[in-house]
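Secondary and tertiary structure notes
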Amino acid sequence: MRKNLLATVAALGLAASAAAAETLRMATIAPSLSAAITMATFANIANDNLEDITIEVAAGGAATLHMVEVARGNLELSMTSPVVYNLMKAGKAMYAKTPEAPELSENLQLLMWYPYGAYHFAVRADSDIQMLDDLEGAVVFLGPQGGGAYNGARGWIEASTGLKVGEDYEAIKANWQTGFQAFLDGKVDVYINGCLDPCQQFILFTETEAVRFIGPEEYETEDVTKFLGNFRFLREIPAGLYENQVNDAAVMSWDTSVGIGVRADVDEETVYQITKAFWDNIGQISSDAPWAAGLDVNYAPVQRGHIQLHPGAERYYREVGALK
């Protein structure tokens, strides 16, 4: 009888421990994109170093929608950006038809920032398109429609060349996977992807074909300055990044910050623990992952746009001196 009682108590103890374990749901964009790889790496390192918190990652879809799902309580973590969060808070652009977006934005906070990577505007080496100004009449993959990448790529082209989507060139409707496949199949003239080099898509493409990255003829203009605003910045794409890259000189493009957003009502201690687990163990990332050089604990908590740092993350960054 005593043995049965002890066994029952032990079983209840195990059940209680299992119940106490916390699972956080993270959504990110297509898994082959460097921004998604960074988020998955964050989850893997946190999972490896925490016993009672698990982050489950689902990849695919648009970060603009994931942010809304976090704020609604259907997720705990997603990608965010200063520009897109500001649009959400203002109910503009892709959020214009979501009247509750400004209110929902109050339930989304920041865990960390990291560089998205330069936007690569790619064509085949034998293409007649030598620069962005040659896009008239072209078929282009800007990114998934309604997403931040689409909005940014469209804006850069218009600001630097004056060419407008739907008037001067055509943008296909596709997600990240089908957009890249369309480029591989020769169904689009220009493929656009923001990523930290070396990007998997261009490694794959240049295994069999040569690529050229293109930029605008002129980028030091008032329109470009207005497009860049406070949260985008010019970024060169160097020559010689890929074996079959034909550029013999650097090409000017632009970059931005993206981040991991977290639901504001997630427990402070939980957010502190996952933030600490990642940054304290960032050395686990292989030295064979050169994109990881862009991850910087001092870059992570800087105020960008209206989004506020989650108190749990803020606590960690103050502990390590990244915030004063």
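This is a predicted model, so every value here is computed, not measured. (Residues numbered from 1 in each chain as written. Predicted model: local features only at pLDDT ≥ 70, side-chain atom pairs only at ≥ 80, totals over all residues. Heavy atoms only, no water.)

On to the state of the cysteines, then. According to the stated counting rule, one finds one disulfide in the structure shown. Disulfide partner of C195: C199, at an S-S distance of 1.8 Å. Its S-S torsion of approximately 90° makes the covalent link between C195 and C199 right-handed. (Disulfide = S-S within 2.5 Å.)

In this section: helix 2 (residues 34-49). Between its terminal C-alpha atoms helix 2 stretches 23 Å, which fits the 22 Å expected from 16 residues at 1.5 Å a residue. Where helix 2 is concerned, the buried positions are S34, A35, A36, I37, T38, M39, T41, F42, A43, I45 and A46. (Helix = DSSP H or I, 4+ residues; strand = E, 2+ residues; numbered from the N terminus. Expected span 1.5 Å × (residues − 1). Buried < 20%, exposed > 50% of the residue type's maximum accessible area, 1.4 Å probe, protein only.)

Here we come to the confidence of the model for the chain. Low pLDDT means the predicted atomic positions in that stretch should not be read closely. Averaged over all residues, the pLDDT of the chain equals 92, while 93% of them reach at least 70. For residues 1-19, every residue scores under 50 in pLDDT, and the model assigns this stretch zero contacts once sequence neighbours within four places are set aside. (pLDDT = per-residue confidence, 0-100. Contact = heavy atoms within 4.5 Å.)

The subject of this paragraph is the pairing of strand 3 (residues 77-80). A two-sided burial pattern is seen for strand 3, the buried positions comprising L77 and M79 on one face and S78 and T80 on the other. Pairing between strand 3 and strand 11 (residues 251-263): four bridges, direction antiparallel. Across the sheet, the residue bridging to S78 is G261, located in strand 11. (Pairing = 2+ DSSP bridges.)

Another aspect to go through is helix 11 (residues 311-319). In an α-helix, one full turn covers 3.6 residues, which means residues spaced three or four apart are oriented alike. The set of residues buried in helix 11 consists of G312, A313, Y316 and Y317. For helix 11, the buried positions fall inside an angular range of 135° around the axis, keeping them on one side. Where helix 11 is buried, its residues meet strand 4 (108-115) and helix 10 (268-280). (Arc of directions from axis to C-beta.)

The subject of this paragraph is the side chain of T38. Positionally, T38 belongs in helix 2. Residue class for T38 comes out buried when judged on its relative accessible area of 2%.

So, on to the pairing of strand 8 (residues 190-194). For strand 8, a buried count of five out of five residues is recorded, marking the element as mostly surrounded by other parts of the structure. Side chains V190, I192 and G194 project from strand 8 onto one buried face, and the interleaved Y191 and N193 project onto a second face that is buried too. The sheet contact formed by strand 5 (residues 119-124) and strand 8 spans four bridges and is antiparallel. Residue pairing across strands places F121 opposite I192, the latter belonging to strand 8. Pairing geometry for strand 6 (residues 139-141) and strand 8, over two bridges, is parallel.

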